[in-house]
Structures are given as structure tokens and as C-alpha cells.
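Working through the structure, step by step
Here is how the chains run, residue by residue.
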Amino acid sequence: MPKTLRDIPELPAYVEGQTDHDFMAAARSQGPLARNQLGIISGFSLANMELINDDRWTRQIEMEAMFISGVRDGPMFEFQRNAVLFSNGQTHRNRRGPLVRSFANKVISEMRPRISARVRALVAPLRGTGSIDFLEAIAGPFPAQVIASIIGAPEDDTGMFARHVYSAIRGLSHCSEEVRAESNADMAALDTYVAGLIAQRRATPEADFLSTYLERGQDGPLTEDEVRAQLTALVLAGSDTTRGALASTISQLLQHPEQWALLVNDPDRWAEAAVLEGLRFDPVIGSLPRITLEPREVEGVLIPKGSFIAVSMLTALRDPEVYGDPDRFDITRTDHPRLHPVFGGGPHRCLGEALARIELEEALKALARLVPDMQLDGPPVQLRGYGAVRNLSAMRVVV
Ligand code: HEM
């Protein structure tokens, strides 16, 4: 006889000073599932993650998270209503289709030399300048510049739109009213900016991503709001995640000098492995949420149809069934699954995986070659949060 939802323990109380990993490990130690006061079920294993990415059993969250937070309108609400990530079925296929070809591995691989040149140009002038803010000087501008160049935004606008992105994205997780107001203002600014880019490109088409995308969507089923939302989604998804992943990976490498030395001695050999491990060890995404479409027994508990279930990326990527010695940062590990789980799975698997991995690899190579003596200057970056994109604290390094 399967157990029922009432048998699932509540998430433990947060203990002051705990890291997110400590908290999640404490939650997992109570049993394979937990639930919070809102009734949201948490799963912890990689097997649970694979289960919720199966769209025969679950569907993507649409507007439910906004409704739970009491939000019924506003720029973030409108964005979410129109964006690829928050849709299902045919609507999702319509929104994803025109983007897929532009982000295909082959197309993105051809960009590697330009991406590499861009990060080298960013790092080289910093050599010997002493202590720098790693996020401000490198991890932030680099992916923002890359995505700006892909969607055809002028380079000078990069800083401005990156700031809107970092602020707007906070509104996708549960947040205070104050943060929500700021997030809405920044989303409105991004939306206006993207509308301007589209108008410009329609007036003067070029042989680039934006013109091709607009042309592909011209007679398609997408509304004008959807066209804008997909471009904004790229900017949003393409800047903040890679920024966090780069800061997180570098911080781990610098805390493990013997592994940084491996990379410095042979960047071509170790960059890819270091990226995979950086993405696993302290991931930039906190969890993936879904809504169940059918009743199903999971971990001995009958989960009813219509349940809200979120699997923790933090614990899934340290699942002892999959990773040996999972709490150890180790770029030499060989037990990564073929598809890296940090990019999700099923129909919503990350569209920007190839781009993100190339950016991260080229950034590590450039840093290892140009500033091999780089060291932390103060505390390493801290990633905080269990929801969508996790927050980052500042990190200084001496170059
Ligand atoms: C380290 C960097 C990144 C990580 C860890 C990451 C992770 C993810 C994950 C986990 C999802 C699926 C979410 C879900 O199923 O609920 C996703 C979706 C997505 N990502 Fe990424 N991402 C990264 C970088 C990028 C970049 C660079 C881009 C684009 C330029 C991008 C574009 C997207 C888009 C458009 C989706 C929505 C796909 C869909 O709903 O069909 N991501 N990403």
C-alpha cells in the first residue's frame, strides 16, 4: 500500500549559517521526498529529476508560480505568459522551433573562435592590474557581450541590458514586493529595448541571427508579444546563468590550487572537464519545478495528479548513486552522465547548452593562459537560493 502526501516529512527548519548544500543534505537525510508549507513536493535524486522531465507524467509550470505569489499582471507576468520556458505542447513547439536551428551545435561551434577572441580581449588588459571584481570585470560582461552580438545589439548597450537582466531575473523566483517592483521595471526596459531592436532590423534587414529569426517567424503562428518574449528570453537565459557558472567554477578551481594547476599546465586538455565539474558542484540553477499530469507512485508515495513537484539540482548533482564522492570538487572525475543534468531534460532541455559550454571552456582557457597566477582576494563567490537562477555574492581576484 503506497504512502500518501501526509506521510511526506516537511522540509527541516533552516539553521543559521547553513549553506544551501547543508540545508538540502539535511532535507534529504529525512527521506527521499519532503514538502513545504505550500504543499510543494521536493525530490532529491537524479532519478527523480529524470522522472519530472518526462512530459508524459508532468508539464512545465505556466503561470502557477506567479499566481501563488499573488501576481496577476505586470511586465514579468506578460513575459512569462509569452516565453518558451513557461509553455507546453504545441505552444511550446511553436515558440521553440524557430530558435532551435539558430542554436544548433554546428552553428554555435562555428562561433568558437570569435567567442575565444572576445574573452581574451576582455582578460588581456586586466593582467597585472591587481585586485578586480571578477563578476563586474569578466563573468558578467563576457556572456552579455556574446548574446548581444548574437541578437545584433550594439556592443555599447551590453552593460545597460546586462544590468536590466540581473535585476529582472530575480522576479522569476519567489521574492519580496520590493524586488518584484524592481524586476518589473527592468523587464519593462528590456522589453522596450528588444522592441527597438526588432523595429530597426525590420527596417534594415541584415544577414544575421535576428533578421533570420524574424523572417522565419513572419508568417508563423507567433504573436508580436511572443516574438519579443523569445528574444528577451535568450538575453535573460543567456547572460545570468553563464555568469554564475563561470564565477562558481573559477572560485572552486582557485580553492583547489592543484586542480587550477592542472588546467594552467594544459588548458586544452582540462577545460572541458573543469566546466562539467564546475556546472555540477555548485550549480547556478537551484531546482526544476513541474506539475504532475497523472497519479503516480514515487519513492513509495502516491503523488496525485495536479501536484507541484520540484527536484533540487543541488542534491541531484551530488547523488551518491551516480557520482563517486559527490561532495568533492574533482575535475578529473569520469562519472558525469552523458547529458549534463544541469541543462535539464525532456522538451525544455536548455537551448543554449552548446553556447554556454563553449563560452565557459574558452573563458577557462583564456584565464589559465593569460592570468595563470590568479588568486582569490577575499571570500569566494557564494551562490544562494533553491529556486530558478541562484543569486551570487561578489568575488574579487588578483590578476
Ligand atoms: C551555464 C549556463 C546555463 C544553464 C545551467 C542553463 C540551464 C537551463 C535549464 C536547466 C533549462 C530548462 C529549465 C526547465 O526545464 O524548467 C534551460 C532552458 C533554456 N535555456 Fe539554458 N542554461 C544555461 C545557459 C543558456 C544560454 C547561454 C542560453 C541562450 C543563449 C540559454 C537558453 C535557454 C532557453 C531559451 C531555455 C528554454 C528552453 C525551452 O523551454 O524549451 N541557456 N536552461
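Here the structure is a predicted model, which means the values were calculated and not measured. (Residues numbered from 1 in each chain as written. Predicted model: local features only at pLDDT ≥ 70, side-chain atom pairs only at ≥ 80, totals over all residues. Heavy atoms only, no water.)

1. Regarding the overall build of the protein
Tallying secondary structure elements over the protein gives 17 helices and 12 strands in all. Here the C-alpha atoms of the protein give a radius of gyration of 21 Å, agreeing with the 21 Å that 2.2 N^0.38 yields for 399 residues. Looking at the protein residue by residue over its 399 residues, the buried ones come to 53%. For the protein, the proportion of contacts with a sequence separation of at least 24, taken over those separated by at least 6, is 72%. Carbon and sulfur atoms make up 53% of the accessible area of the protein, which totals about 17,800 Å². Taken as two groups, the 42 positive and 52 negative side-chain charges of the protein have centres that lie 3 Å from each other. (Helix = DSSP H or I, 4+ residues; strand = E, 2+ residues; numbered from the N terminus. Rg over C-alpha atoms; globule rule 2.2 N^0.38 Å. Buried < 20%, exposed > 50% of the residue type's maximum accessible area, 1.4 Å probe, protein only. Contact = heavy atoms within 4.5 Å. Areas by Shrake-Rupley, 256 points an atom, 1.4 Å probe, with all protein chains shown as cover. Lys, Arg positive; Asp, Glu negative; His and termini not counted. Charge placed at Lys NZ, Arg CZ, Asp CG, Glu CD.)

2. What about the coordination of the iron atom of the ligand?
In this structure the iron atom of the ligand is ligated by exactly one protein donor, Cys350 (SG), at 2.3 Å. Along the chain, the position of cysteine 350 falls in the loop between helix H16 (313-316) and helix H17 (353-370). (Donors = N, O, S within 2.8 Å, 3.2 Å for Na, K, Ca; no water.)

3. Focus: the sheet that holds strand E2 (residues 41-43)
Sheet architecture is open: five strands sit in the order E1-E2-E8-E5-E3, paired in mixed fashion. The two strands at the open ends of the sheet, each matched to only one other strand, are strand E1 (33-35) and strand E3 (58-60). Strand-to-strand twist across the sheet, computed as the mean angle between neighbouring axes with direction ignored, equals 35°. (Pairing = 2+ DSSP bridges. Axes fitted to C-alpha atoms, helices over the stretch in contact; angles between N-to-C directions.)

4. Let's talk about the site of the ligand
Taken together, 27 residues form the shell around the ligand, and within it His92, Arg96, Arg290, His348 and Cys350 come nearest. In this structure, glutamine 60 approaches the ligand through a side-chain N or O atom, which is 3.1 Å from an oxygen atom. The side chain of arginine 96 places a nitrogen or oxygen atom 2.7 Å from an oxygen atom of the ligand. Sorting elements by how many residues they give to the shell around the ligand places helix H13 (residues 224-255) first, with five residues. Class assignment for the residues of the shell around the ligand results in 17 nonpolar, eight polar and two charged. (Near = heavy atom within 4 Å. Polar contact = N/O pair within 3.5 Å; in protein donor to acceptor, adjacent residues only side chain to side chain. Nonpolar A, V, L, I, M, F, W, Y, C, P; charged D, E, K, R; others polar.)

5. A word on the sheet that holds strand E12 (residues 396-398)
Strand order in the open sheet formed by three strands is E4-E12-E9, with antiparallel pairing between adjacent strands. Two strands bound the open sheet, and with one partner strand each, they are strand E4 (131-133) and strand E9 (375-376). Relative to E12, E9 runs antiparallel, the two sharing two bridges. Bridging from a neighbouring strand, glutamine 375 pairs with valine 398 of E12.

6. As for unusual backbone geometry
At glutamate 299, a position not held by glycine, the phi torsion is positive, near 50°. Among the secondary structure elements, glutamate 299 is positioned in the loop between strand E6 (296-298) and strand E7 (301-303). Take glutamate 299: its relative accessible area is 39%, and that puts it in the partly exposed class.

7. Focus on the packing of aromatic side chains
Counting across every chain of the model gives seven aromatic pairs. Ring centres 5.9 Å apart and planes at 75° place the aromatic pair phenylalanine 103 and phenylalanine 209 in the edge-to-face group. Here phenylalanine 209 lies in helix H12 (residues 209-217) and phenylalanine 103 lies in the loop between helix H5 (89-100) and helix H6 (105-109), a separation of 106 residues in the sequence. For phenylalanine 209, a relative accessible area of 12% translates into the label buried. Taken together, the ring pairs connect Tyr14, Phe23 and Tyr386 into an aromatic cluster. The residue whose ring lies beneath arginine 269 is tryptophan 270, and the NZ or CZ to ring-centre distance is 4.1 Å. (Phe/Tyr/Trp six-rings, centres within 6.5 Å; stacked < 30°, edge-to-face > 60°. Lys NZ or Arg CZ within 6 Å of the ring centre and 35° of its normal.)

8. Considering the side chain of arginine 228
Summarising the element assignment, arginine 228 is placed in helix H13. A relative accessible area of 17% places arginine 228 in the buried class. There is a polar contact of 2.9 Å between the side chain of arginine 228 and the side chain of aspartate 191. Beyond its immediate stretch of four places on either side in the chain, arginine 228 contacts Asp191, Val194, Ala195 and Ile198.

Any functional reading would require information beyond the geometric quantities listed.
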